[in-house]
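Here's the letter readout for the chains.
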Amino acid sequence: MTRRGVPDDDMPDSSSPAQWGIPPLGDGDLEALLARDPGDVTAPLRPVAEVLSALRAAPGPAELSGEELAMARFREATGRAGQRRRRLASHRARRPRRALPGLAFAPWVAAAAFLIVLAVGGVAAYTGRLPTPIQSLAHVVIAAPPAHHETRHRPPPHRTVSRTVHQANYPAARTPGPAAPGHELSGVCHAYQDAGWPGHSSPDANAFRHLIEVAGGADHVPGYCSAVTGRDAWPGPQPGPGQDNGTADGQLAPGQNGNPGPPAAPGAVGQGPNGQVANGQGSASQGVKGQNSAG
Amino acid sequence: VLGEDFAATLAAARGGSESAFSVLWRDGNPALLRYLRVIAPDAAEDAAAETWVQVVRGLERFRGDEAAWRAWLFTTARRRVLDQARLRRRHPAEPLDEIQAAEVPSSPDAERLAMENLATEEAIALVSRLPRQQAEVILLRVVAGLDTEAVADLLGRSPGAVRVAAHRGLRRLATLLAEAGVTL
């Protein structure tokens, strides 16, 4: 420490390098010396570079003699860490746990899957899309529409017949098939069978006109609709639209105008034609029945 | 310096691999000893051993690259030296001349070291003649391989002060070598 209280470290060098024949050393040279190999420095700095190189020299055996002690410490530390891990593992093993962590959610997943299957199955049952045995079971259990026997009574392909041709044998002339126009007209047929012909101003007049065309004539409508709906023909159908049959316009109740609407409640399905005509298969099978019974 | 292998070696050592820890130790211990022989010549071996004990304990928690690893290693060593110095001040050791001759610790390793690594020993002896701060900065830059900022963090000084100390130390080394008539 100097008299002015300045540490010796911070005092200027007491001996000037120039005093010993050393040229002034720039900061850049010195900084490079700390990072470079001795070969890259200028001649005046080579002795210093040699010293620094000796400081970086490869270790001697004595500098590696303490390895065993360090490794013993390392083994102790890792052994303690291993014991901690084992204690933790045994603690976890003692706790009751499920076979798989994911199964914690299994009841919820199973319940959700069950509900989905139930919903899809219910919709399929009420729309009559299930296989015959299952549909029959659904019919008994939840009052779904009865199973049909499409495979045993496959209808012939729908034949398009010219509207101008009137055939004496109406079932042969017009028999609705699975994709026949009769399928589309089942609602109109129900309306016809329930209420007869509407008046001229009825919004359904065009639909009835179309029914007559499809059936091949007004005379064939009762038989055609019987085939479509599976019901007997209306006892007293009137000849056709344009003829007042005594039924007031708008007499057709909702649900009887051919709109199938949403799936009916279980208690209502099977009790009337609406549920049966709500899908194409049901009406097709009924159409086949009608054809067979007529033939 | 392990370079690209450092990360994998460290990860393996943290996982309990003795061979990986041996690689870390063999890479770090010689530099650590050279640094400690300058700043704590009387207790370099003990300080190095205690440093590794601390490192082993904190190995699982360490995160960083090789530069951070070396900074941590030398910071730990320096703290051990400061702790030992504080302990000695509180509990002064007996004067050496009161110890029986048979109790004087012999150090065969030191003898072998002097024979096998003479150039390094001479270099350490020469740097030890520098003021403590200059010698420490030079060793941390050259032996530990730390940059100026890392040394400044370790010593709690500004990078400028570290740079000045390093340059002054090198100039003084040049002077010492010139005084000794060493030319290359």
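What comes next is a walk through the structure. For clarity, every value in this text was computed on a predicted model and none was experimentally measured. Along every chain, residues carry numbers that run from 1 in the direction the sequence is written. As they are written, the chains are lettered A onward and the ligands numbered 1 onward, keeping that order. Residues qualify for local features only when their pLDDT is at least 70, as the model is predicted, and side-chain atom pairs are given and counted only at 80 or more; totals for whole chains, interfaces and linings, by contrast, use all residues. In computing side-chain values, all of the structure's heavy atoms are included and hydrogens and water are not.

1. Structural notes on the overall build of chain B
Here is step 1: A run of H or I in DSSP counts as a helix once it spans at least four residues, and a run of E counts as a strand once it spans at least two, with each numbered from the N terminus. Looking only at helices and strands, chain B features nine helices and zero strands.
Here is step 2: Of the regular secondary structure in chain B, the N- to C-terminal order runs α-α-α-α-α-α-α-α-α.
Here is step 3: Within chain B, the proportion of its 184 residues that are buried is 48%.
Here is step 4: A separation threshold of at least 6 residues defines the contact pool for chain B, and within that pool the share at least 24 residues apart is 62%.
Here is step 5: In short, Shrake-Rupley with a 1.4 Å probe defines the accessible areas, and a residue's cover is counted only from the protein chains shown. Here chain B displays about 9,300 Å² of accessible surface, and carbon together with sulfur accounts for 51% of that area. For the exposure calls, accessible area comes from a 1.4 Å probe over protein chains only, and a residue counts as buried if that area is under 20% of its type's maximum, exposed if over 50%, partly exposed in between. In this analysis, two residues are considered to be in contact whenever any of their non-hydrogen atoms come within 4.5 Å of each other.

2. Details of the overall build of chain A
Here is step 1: The number of helices and strands found in chain A is 12 helices and zero strands.
Here is step 2: Classification of the 295 residues of chain A by burial places 34% in the buried group.
Here is step 3: The long-range share in chain A, meaning contacts at least 24 apart out of those at least 6 apart in sequence, stands at 56%.

3. Overview of the packing of helix α8 (residues 186-195) of chain A against helix α10 (residues 221-229) of chain A
All names here are of chain A.
Here is step 1: Think of each axis as a best-fit line through the C-alpha atoms, taken over the contacting stretch in the case of a helix, with angles from 0 to 180 degrees between the N-to-C directions. Closest axis-to-axis distance for the α8/α10 pair is 9 Å, and the angle between their directions is 120 degrees. The angle between the axes of α8 and α10 places the two elements in the oblique class. For the pair α8 and α10, the sense of crossing is left-handed. Facing S186, C189, H190, Y192 and Q193 of α8, the residues of α10 in contact are V221, P222, Y224, C225, S226, V228 and T229. These descriptions rest on fixed angle ranges, namely under 35 degrees for roughly parallel, over 145 for roughly antiparallel, 65 to 115 for roughly perpendicular, and the rest for oblique. Crossing handedness follows the turn of the near helix against the far one: under a right angle anticlockwise gives a left-handed crossing, and clockwise gives a right-handed one.

4. A short note on the nonpolar core
Here is step 1: Ranked by internal contacts, the top residues of the largest apolar core, which has 74 residues, are A:L52, B:L36 and B:L173.
Here is step 2: Remark: nonpolar core denotes a set of buried residues (Ala, Val, Leu, Ile, Met, Phe, Trp, Tyr, Cys) joined through side-chain atoms within 4.5 Å. Counting residues in each nonpolar core, the second largest holds 14 residues, with A:A191, A:Y192, A:V221 and A:C225 among its members.

5. What to know about α10(A)
Residue pairs spaced three or four apart in an α-helix point in one direction, given the helix's 3.6 residues per turn.
Residue and element names in this part refer to chain A.
Here is step 1: Among the nine residues in α10, nine count as buried, and that is most of the element.
Here is step 2: Within the sequence span of α10, burial applies to V221, P222, G223, Y224, C225, S226, A227, V228 and T229.
Here is step 3: G230 sits one or two positions beyond α10 and adopts a positive phi of about 80 degrees.

6. Quick word on the state of the cysteines
Residues and elements named next belong to chain A.
Here is step 1: When the sulfur atoms of two cysteines come within 2.5 Å, that pair is taken as a disulfide. For the structure shown, the criterion picks out one disulfide over all chains.
Here is step 2: Paired by a disulfide, C189 and C225 hold their sulfur atoms 2.1 Å apart. The sign of the S-S torsion, about -70 degrees, decides the handedness of the disulfide formed by C189 and C225: left-handed. Here C189 is found in helix α8, whereas its partner C225 is found in helix α10, with 36 residues between them in sequence.
Here is step 3: Taking the relative accessible area as the measure of exposure, C189 reaches 0% and is therefore buried.
Here is step 4: A relative accessible area of 0% places C225 in the buried class.

7. A few points about the interface of chain B and chain A
Here is step 1: Across the contact, 56 residues belong to chain B and 48 residues belong to chain A.
Here is step 2: Summed over both partners, the interface of chain B with chain A comes to about 4,500 Å²; 63% of that surface belongs to carbon and sulfur atoms.
Here is step 3: Salt bridge, as used here, is a side-chain nitrogen of Lys or Arg placed within 4 Å of a carboxyl oxygen of Asp or Glu. For the pair chain B and chain A, the number of links is five salt bridges.
Here is step 4: Of the charged contacts in the structure, one is a salt bridge between B:R34 and A:E63, with a shortest N-O distance of 2.7 Å.
Here is step 5: The definition of a polar contact used here is a pair of N or O atoms within 3.5 Å, where within protein one atom must be able to donate a hydrogen and the other to accept one, and adjacent residues in sequence count solely through side-chain atom pairs. Linking chain B to chain A there are 11 residue pairs in polar contact (both at pLDDT 80 or more).
Here is step 6: Within the residue set of the side of chain B that touches chain A, elements represented by two or more residues are α2 (18-39), α3 (44-58), α5 (108-116), α6 (118-127), α7 (132-142) and α9 (159-179) of chain B.
Here is step 7: Counting residues per element, the side of chain B that touches chain A draws most heavily on α9(B), at 13 residues.
Here is step 8: Taken together, the residues that form the side of chain B that touches chain A break down as 28 nonpolar, 12 polar and 16 charged. Buried area: the accessible area, evaluated with a 1.4 Å probe, that two parts lose upon being put together, summed over both parts. Residue polarity follows a fixed list, in which Ala, Val, Leu, Ile, Met, Phe, Trp, Tyr, Cys and Pro are nonpolar, Asp, Glu, Lys and Arg are charged, and the others, Gly among them, are polar.

8. Structural notes on the packing of aromatic side chains
Here is step 1: In summary, the pairing rule links any two rings of Phe, Tyr or Trp, Trp by its six-membered ring, whose centres are within 6.5 Å, and it sorts them by plane angle into stacked for under 30 degrees, edge-to-face for over 60 and tilted for everything else. Applying the stated criterion across every chain, the model contains nine aromatic pairs over all chains.
Here is step 2: Relative to B:F21, the ring of A:F74 lies with its centre 4.4 Å away and its plane at 5 degrees, an arrangement referred to as stacked. With A:F74 in helix α3 (residues 67-94) and B:F21 in helix α2, this pair bridges two chains. Assigned by exposure class, A:F74 and B:F21 land together as buried.
Here is step 3: Their ring planes at 75 degrees and their centres at 5.7 Å tell us that B:F62 and B:W69 sit as a pair that is edge-to-face. Assigned by exposure class, B:F62 and B:W69 land together as buried.
Here is step 4: Following the ring pairs from residue to residue traces out a cluster consisting of A:F74, B:F6, B:F21, B:W25, B:W52, B:F62, B:W69 and B:W72.

9. Details of the packing of helix α1 (residues 6-14) of chain B against α2(B)
Residue and element names in this part refer to chain B.
Here is step 1: Where α1 contacts α2, the axes come no closer than 7 Å and their chain directions differ by 125 degrees. When the interaxial angle is binned, α1 and α2 end up oblique. When the axes of α1 and α2 are compared, the crossing they make is left-handed. In this structure, α1 uses F6, T9, L10, A12 and A13 to contact α2, whose residues at the interface are A20, F21, V23 and L24.

10. Observations concerning a nonpolar patch on the surface
Here is step 1: What goes into a patch is any residue over 30% in relative accessible area without a salt bridge, connected to like charges within 9 Å or, for nonpolar side chains (Val, Leu, Ile, Met, Phe, Trp, Tyr), within 5 Å. Residues A:F114, A:L115 and A:L118 make up a contiguous nonpolar surface patch of roughly 340 Å² in combined accessible area.
Here is step 2: Position of A:L115 relative to the elements: it lies in helix α4 (residues 106-126).

11. As for the pattern of salt bridges
Residue and element names in this part refer to chain B.
Here is step 1: Counted according to the given criterion, the structure contains 14 salt bridges over all chains.
Here is step 2: Between E136 and R78 there is a salt bridge; the shortest N-O distance is 2.7 Å. Of the two residues, E136 is situated in helix α7 and R78 in helix α4 (residues 66-90); the sequence distance between them amounts to 58 residues. This pair shows no difference in class: E136 is buried, exactly as R78 is.

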